Each structure stands twice: as structure tokens, then as C-alpha cells.
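# Examining the three-dimensional arrangement
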Amino acid sequence: MGSTIKEVFLGNAESGKEGMIPSNVFKAMVRTDILPLIFFSLLIGAALSMLGDFGKPVIAVMSGLNEAVMKIVHWIMYVAPLGIFGLVAGRIGEAKGFAGFWPELVAVGKYSATVVLGLGVHGIIVLPVLLLVLGRRNPFNYFKGMATALLNAFSTASSSATLPLTMEGVENQNGVSRRTSSFVLPLGATINMDGTALYEAVAVMFIAQVYAISMDPAQQIVVVLTATLAAIGAAGIPEAGLVTMVIVLRAVDLPIEGITLILSIDWLLDRFRTTVNVWGDSIGAGVIETYESRDSADTPATA
Ligand code: ASP
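Residues numbered from 1 in each chain as written. Predicted model: local features only at pLDDT ≥ 70, side-chain atom pairs only at ≥ 80, totals over all residues. Heavy atoms only, no water.

## Some words on the site of the ligand
- Close to the ligand lie 16 residues; S159, T196, G241, D270 and R273 are nearest.
- For the ligand, an oxygen atom lies 2.9 Å from a polar atom in the backbone of A240.
- The contact in question runs from an oxygen atom of the ligand to an N or O atom on the side chain of R273, over 2.6 Å.
- Protein contact buries 100% of the 270 Å² of open area that the ligand shows by itself.
- At the level of secondary structure, the elements contributing two or more residues to the shell around the ligand comprise α11 (240–251) and α12 (260–298).
- Per-element accounting of the shell around the ligand gives the leading share, 4 residues, to α12.
- Within the shell around the ligand, the residues separate by chemical class into 6 nonpolar, 7 polar and 3 charged. (Near = heavy atom within 4 Å. Polar contact = N/O pair within 3.5 Å; in protein donor to acceptor, adjacent residues only side chain to side chain. Areas by Shrake-Rupley, 256 points an atom, 1.4 Å probe, with all protein chains shown as cover. Helix = DSSP H or I, 4+ residues; strand = E, 2+ residues; numbered from the N terminus. Nonpolar A, V, L, I, M, F, W, Y, C, P; charged D, E, K, R; others polar.)

## Looking at the packing of aromatic side chains
- This model, assessed by the stated rule, comprises 4 aromatic pairs.
- Note on F143 and W279: the rings are 5.6 Å apart at their centroids and 90 degrees apart in plane angle, and the pair reads as edge-to-face. Note that F143 is positioned in helix α6 (residues 139–156) and W279 in helix α12, a separation of 136 residues in sequence.
- The class for W279 is buried, based on a relative accessible area of 6%.
- Grouped by ring-pair contacts, the aromatic residues Y142, F143 and W279 constitute a single cluster.
- Here R273 stacks its cationic end above the ring of Y199, 3.8 Å away from the centre of that ring. (Phe/Tyr/Trp six-rings, centres within 6.5 Å; stacked < 30°, edge-to-face > 60°. Buried < 20%, exposed > 50% of the residue type's maximum accessible area, 1.4 Å probe, protein only. Lys NZ or Arg CZ within 6 Å of the ring centre and 35° of its normal.)

## Notes on the UniProt feature "transmembrane region" (unreviewed entry) in the protein chain
- The positions UniProt marks with the feature "transmembrane region" (unreviewed entry) are residues 34–51, 72–93, 113–134 and 221–249.
- Helix makes up 100% of residues 72–93 and strand 0%. Its end C-alpha atoms lie 31 Å apart.
- Secondary structure across residues 221–249 comprises 79% helix and 0% strand; the distance between its end C-alpha atoms is 13 Å. (UniProt positions renumbered as here; feature names shortened; annotations may be inferred.)

## A few points about the packing of α6 against helix α7 (residues 159–173)
- Taken N-terminus to C-terminus, the directions of α6 and α7 make an angle of 175 degrees; their axes are 8 Å apart at the nearest point. Here α7 runs roughly antiparallel to α6, going by the angle between their axes. Taking contact as the criterion, the partners of Y142, G145, M146, T148, A149, N152, A153 and T156 in α6 are, on α7, A161, T162, L165, T166, G169, V170 and Q173. (Axes fitted to C-alpha atoms, helices over the stretch in contact; angles between N-to-C directions. Parallel < 35°, antiparallel > 145°, perpendicular 65-115°, else oblique. Contact = heavy atoms within 4.5 Å.)

Written out as C-alpha cells, the structure reads:
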């Protein structure tokens, strides 16, 4: 059935499935094994950025390709409502009408409540405690300074679109230096998505339950690991987490069509998780700022 942790990292020679560390990255591309592709991309990105001028032309080509793919995705989004309608109608048909669909609706309601509860615990308890303990800052005041950005995150469902407001809140309202915020926040908006990671893990467990597939503890650890990586790979745009969830589903051999079960409610859950993502980024900036200022206070001034 599902993969073991070793398989996630090194692949499975029998099935030919690539692990997170690919033996052949082209094979991973052909098979759309996304986890090794993310790993390889991180590696190549790190190498290119360390090459200086030498790496710049390659980065420009990659950026151009990225923009082209985004354009194609935009075109696809024009027909997406029709596709979603077809998927939902198909499931209602399978369930023999709305009456048969009711239990599914209840299940999706419970799933949504679990996601919101988990995000609530993380956003209202875990992150503020980190800010208080590590950042030595008052979470209530910090939250007040971030309110506009968080509201914007909720309404746009995009960490990237909210970035200017996040920077404004962190710097002007919460007194974090530009030096810290301009490093931590753009990085955070791209790779630090704790809300998305949490949501993907819950969603995958939900899909497994709907298909009556039991997940042993090893598989659950795999879900946690891959959901974290998949969240790193997700862009800061609406519903990116839904796309990268394919990585987690594939890692534990769950049916990818399971995503259709949660598609209808994702527009709403996306808003909650994006708010937590942005809140997590701003708290990260607050904590780093405290450490930074402590370090520079410890460093004796040189004449
Ligand atoms: N919309 C989220 C964000 O921008 C990403 C996701 O879909 O989880 O942070």
C-alpha cells in the first residue's frame, strides 16, 4: 500500500518510483513525481543564486518560463468553473442526488471545522507563544499592528499579494527593521506556509478516511513530512496548496481524485490558511528582529 519513510527519500526500485532524492530527475519529470522535483529545484536554485553573474542568464530563462506557465494557468482558470461544476455534478450523480450527497456534505463540514480548529490553535496559541517567548513581544499589540495585512490575506487568499501590507505592518506598526523584514518576509511569503502545511495534512487524512484507507503511524509521519515540503513548494497565490497536495497524496498512494472531495470548500479554507501563513511570516520577522538586535548589541562597536 503506502510508502515507507525510506521510500519517500530514496524511492522504490520495484515500482520505479523516484524518492525525494532522485536518481534520475528526468524520470521524475516524466512520471510527475513532484517531491524529487521540488528537492532538485531547491538544490539548483541554491546553486544558481550562489553563482552570481554566471547564474543570472539561467535565472532569467527560468523566470521567463515561470511567467509563461502562469499565463497558461490563467487561461485554464477561465474554464475552471465549468470543470469544477462537472466534477461536483459527477459526484452528486454518483451519490444518486442530493439526498445521497448529504452525508458527504456533513463529512466536508466536519473536515472544514477540523482545519479551522487546527489553524485556530496554531494561530491563536502556538504562534503568539513563540512571539512572546522567543521574540519578547506582546502578541496583542503585534496582532493589532498586523490587522490590515491579515484582513487583506483573508480577502485575497494570497500571501504574495499581501506582502507589501505585511511589510508595512511589520515595519511601521511593529518596529521591525527594514533589514530584517526585507529578508524574512519575501522568503516567508514563498516558503513559510505553516497554515498550508497543516491544512494539507488534515485534508489528506480526510481523503484517506473517505476512501476507507487506514493509515499506519509511519504513513502518518510521511504525510507530515511531505505536507511540510509540499507547503514549501506552494506559491503564495490562491489555492496553490490544493495543487501541491498531489505530492502528499502520491507519497502515500492515495487517489488523487480525492481532491475533488474538498474542492468545493477550498475557496473558504484557503482564506483561513493564508491568514495563518501571513501571521506566521510576520511573527518570524518579529522573532528574528529580536535575535538580530540582541546579536548586534553583543557585538562590540568597531571604530
Ligand atoms: N493561498 C495560500 C497563500 O497564498 C497558499 C495555499 O493555497 O495554501 O499563502
